[in-house]
Amino acid sequence: MTEQSQLLLVLAPGDDVAVARRDIAKGSEVAYEGSILLARNDIPSGHKIALKVVAQGSPLIKYGQVIGQAVTPIAPGDHVHVHNLDMPTASSGYSMQNTYAASTLAAETATFEGFVRLGGGVGTRNYIGIIASVNCSATVCKHIADAFRDDLIQAYPNVDGVVAITHGSGCGMGAKGDGMDILKRTLAGYANHANFAGILMIGLGCEVNQLTPLLGELTPRPAELMASLVIQDAGGTRDTVKRGIALIEQMLPIVNAAQRTRVPVSHLTVGLQCGGSDGYSGISANPALGAAVDILVSHGGTAILSETPEIYGAEHLLTARSASQEVADKLMQRVHWWEDYVRHNDGDMNNNPSPGNKAGGITTILEKSLGAVAKAGSSGLMAVYQYAETVSHGGLVFMDTPGYDPVSATGQVAGGANLICFTTGRGSTYGCKPTPSLKIATNTRLFERMRLDMDFNAGAIVDGELSVAEAGARLFELMLATASGRKTCSEENGLGDNEFLPWQIGAVM
């Protein structure tokens, strides 16, 4: 293969466009199918170049799927992007295509080293959490956690840290309704999370989100690993901080005594995220993660696909794989909810591709969604969950979340994710305590430029050095190593203390 012919990536037979592996200057001649294609514009790396004529008003095909509609005539060699491509005027709808097939289980189940908790859950990390019921107790939570940053925590090498889980809500809202239900589910999910060996809950006292009812919804823990304080009953800010520090000091020796033991992969629940996507996301990192997810599912593990606005236009690929009509209908109910929600707020579902996404080569939400769904691999969709709902099904499941990564990942962790796999083309540095977050770079230039933030280079697929299957197998091994204690780049960089962000919905009063 010549250097010129390696400039283009054609993703499916019959596609109208190819993706540029590197920058292509206007006037360059590029080999394609035995002929020469003349670049009529500058084509940045990761962007689309037209392979054939597409008439104005006609659909344009990439990945073998419609990603948009030509708003001007497109000629071979044209740069295809926001100036000549937009959303189609009508969506293709969805149907059950009966492509669901039960996953074939591996003959020998993979394992990892995790912390087995008394309630049956398995942690990939061994943290103590200090959780605020309301924004008014956030600073107290942070002051207590800050006391264990240095010397006090060094004496307990098996403790990964003391984390303050704080937020901007909990009062000035209705005591009933979606907003309060989501907040309570999220806080309970974190308090019950297997990565937290011990929990200290802190409230102010007069907030709408009262601490006592919340405590009553939590899974029981050993008394020495579960505590609560109310600032107004504990003598105020300084006394609450002192008492909180003393409670954590009592927990530390107990938490430090926990040891990792070998457990089957059925105890691994992986949240799938993509952020700062680019034109390579749907070619390298997302398909590689999808291949790893297929291996995970075949070993009995669970993967949570989310970000409902970022499957928009590709939902038919998931409904076709749904384990039942009920699962497909539930997914579409959430999609339609989002359509109504965006319409009510004078928004547009195609507003989702961010400026960074567009700079990286993504033009429409359809294109972004087709690439995003690749994270889910090829296994059947077993269940659909609401935001922060506890995930109880094995295999591939879907959780309804916004596309904003911190909000989406927060819901997945609340649902039980004890590992996050996060693909990125522009360079997200997201951390997610108490759950480790693996960063998967879509291209080698990003991987090299942000080497201390990226855990895995899926750009080797674009470079022709690895197949998708090979990259997926390597990524699965990295997932097991990370679940067993190998630190991620975000953990090494101290990220994850401030990224807890529950979905806020409903009136603020």
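Preceding this section is the structure that the text describes.
Calculation rules
- Residues numbered from 1 in each chain as written.
- Predicted model: local features only at pLDDT ≥ 70, side-chain atom pairs only at ≥ 80, totals over all residues.
- Heavy atoms only, no water.
- Helix = DSSP H or I, 4+ residues; strand = E, 2+ residues; numbered from the N terminus.
- Rg over C-alpha atoms; globule rule 2.2 N^0.38 Å.
- Buried < 20%, exposed > 50% of the residue type's maximum accessible area, 1.4 Å probe, protein only.
- Contact = heavy atoms within 4.5 Å.
- Expected span 1.5 Å × (residues − 1).
- Pairing = 2+ DSSP bridges.
- Axes fitted to C-alpha atoms, helices over the stretch in contact; angles between N-to-C directions.
- Salt bridge = Lys/Arg side-chain N within 4 Å of Asp/Glu carboxyl O.
- Disulfide = S-S within 2.5 Å.
- Phe/Tyr/Trp six-rings, centres within 6.5 Å; stacked < 30°, edge-to-face > 60°.
- Lys NZ or Arg CZ within 6 Å of the ring centre and 35° of its normal.

Attention now moves to the overall build of the protein. Of regular secondary structure, the protein possesses 15 helices and 23 strands. On C-alpha atoms alone, the protein measures out to a radius of gyration of 24 Å, which is about the 23 Å that the 2.2 N^0.38 rule sets for 509 residues. Expressed along its principal axes, the backbone C-alpha trace of the protein runs to roughly 80 × 45 × 40 Å. Sorting the 509 residues of the protein into buried and exposed places 56% on the buried side. Within the protein, residue pairs in contact and separated by at least 24 positions form 71% of the contacts whose partners lie at least 6 positions apart.

Moving on, we get to helix 14 (residues 468-483). Between its first and last C-alpha atoms helix 14 spans 22 Å; for 16 residues at 1.5 Å apiece the expected length is 22 Å, and the two agree. The complete set of buried residues in helix 14 reads Ala471, Gly472, Leu475, Phe476, Leu478, Met479, Leu480, Thr482 and Ala483. Looking one or two places after helix 14, you find Gly485, whose phi comes out positive at around 125°.

Attention now goes to the environment of Ala258. Turning to its location among the elements, Ala258 is positioned in the loop between helix 5 (237-256) and strand 16 (261-264). Sequence separation between Ala258 and Asn158 is 100 residues, and the spatial gap between their C-alpha atoms is 7.2 Å. Those residues in contact with Ala258, other than ones at most four positions away along the chain, are Phe115, Arg117, Asn126 and Asn158.

On to the sheet that holds strand 21 (residues 419-424), then. Pairing in this open sheet of 7 strands is parallel, and the strands run 19-20-18-17-21-22-23 from one edge to the other. A strand with exactly one partner marks an edge of an open sheet, and here the two such strands are strand 19 (381-385) and strand 23 (456-457). Here strand 19 pairs with strand 20 (residues 395-399) via 4 bridges, running parallel. Of the residues in strand 20, the one forming a bridge with Leu381 is Leu396. Set on the sheet, helix 11 (residues 405-414) makes contact with strand 17 (269-274), strand 18 (302-305), strand 20 and strand 21; between it and strand 17 the angle comes to about 170°.

Counting buried positions along strand 12 (residues 127-132) gives 6 out of 6 residues, so the element sits mostly inside the fold. Neither face of strand 12 is exposed, since Tyr127, Gly129 and Ile131 on one face and Ile128, Ile130 and Ala132 on the opposite face are all buried. Relative to strand 13 (residues 161-165), strand 12 runs parallel, the two sharing 5 bridges. Each bridged residue has a counterpart across the sheet, and for Ile128 the counterpart in strand 13 is Val162. Two elements, strand 12 and strand 14 (residues 196-203), share 6 bridges in a ladder whose sense is parallel. Paired with Tyr127 across the strands is Phe196, a residue of strand 14.

This brings us to the pattern of salt bridges. When the charged atoms of two side chains lie near each other, side chains of opposite charge can form a pair. Counted according to the given criterion, the structure contains 13 salt bridges. For Glu310, the salt bridge is made with Lys368, and the minimal N-O distance between the two is 3.4 Å. On the criterion of sequence distance, the pair formed by Glu310 in the loop between strand 18 and helix 7 (315-319) and Lys368 in helix 10 (residues 365-373) is long-range, its members being 58 residues apart. Per residue, the accessibility class of Glu310 equals that of Lys368, and both read buried.

As a further point, take the state of the cysteines. Counted by the stated rule, this structure contains 0 disulfides. Cys171 provides the cysteine sulfur closest to Cys206, a residue in no disulfide bond, and the two sulfurs are 6.3 Å apart. Take Cys206: its relative accessible area is 53%, and that puts it in the exposed class.

Once that is clear, we can look at the side chain of Lys375. If you trace the backbone, Lys375 turns up in the loop between helix 10 and strand 19. For Lys375, a relative accessible area of 1% puts it in the buried group.

On to helix 6 (residues 285-298). Taking 1.5 Å of rise per residue, the 14 residues of helix 6 would be expected to cover 20 Å, and the 20 Å separating its terminal C-alpha atoms lies within 8% of that figure. Burial analysis of helix 6 places 12 of its 14 residues in the buried class, which makes it a mostly covered element. Looking only at helix 6, the buried set comprises Ala285, Asn286, Pro287, Ala288, Leu289, Gly290, Ala291, Ala292, Val293, Leu296, Val297 and Ser298.

Bringing unusual backbone geometry into the picture now. That bond from Lys433 to Pro434 is cis: its omega, 10°, falls within 30 degrees of zero. Here Pro434 lies in the loop between strand 21 and strand 22 (437-441). The backbone of Glu33 sits at a positive phi, close to 50°, despite the residue not being glycine. Even without a glycine there, the phi angle at Ala388 is positive, about 65°. The exposure class of Ala388 is buried, given its relative accessible area of 3%.

Our next topic: the sheet that holds strand 11 (residues 122-123). In spatial order, the strands read 11-10-16; together these 3 strands make up an open sheet with antiparallel pairing. Because the sheet does not close on itself, it has two edges, and the strands there are strand 11 and strand 16. With 2 bridges connecting them, strand 10 (residues 111-116) and strand 11 associate as antiparallel partners. The residue bridging Val116 from the neighbouring strand is Val122, located in strand 11.

A few words on the packing of aromatic side chains. Across all of its chains, the model carries 8 aromatic pairs by this definition. Taken together, a centroid distance of 4.6 Å and an interplanar angle of 75° make the contact between Tyr190 and Phe500 edge-to-face. Of the two residues, Tyr190 is situated in helix 3 (residues 178-191) and Phe500 in the segment after helix 15 (489-492); the sequence distance between them amounts to 310 residues. Each member of the pair Tyr190 and Phe500 is classed as buried. Aromatic rings pair up to connect Trp337, Trp338, Tyr341, Tyr387 and Trp503 into one cluster. When the ring centre of Phe422 is taken as reference, the NZ or CZ atom of Lys439 above it lies at 5.8 Å.

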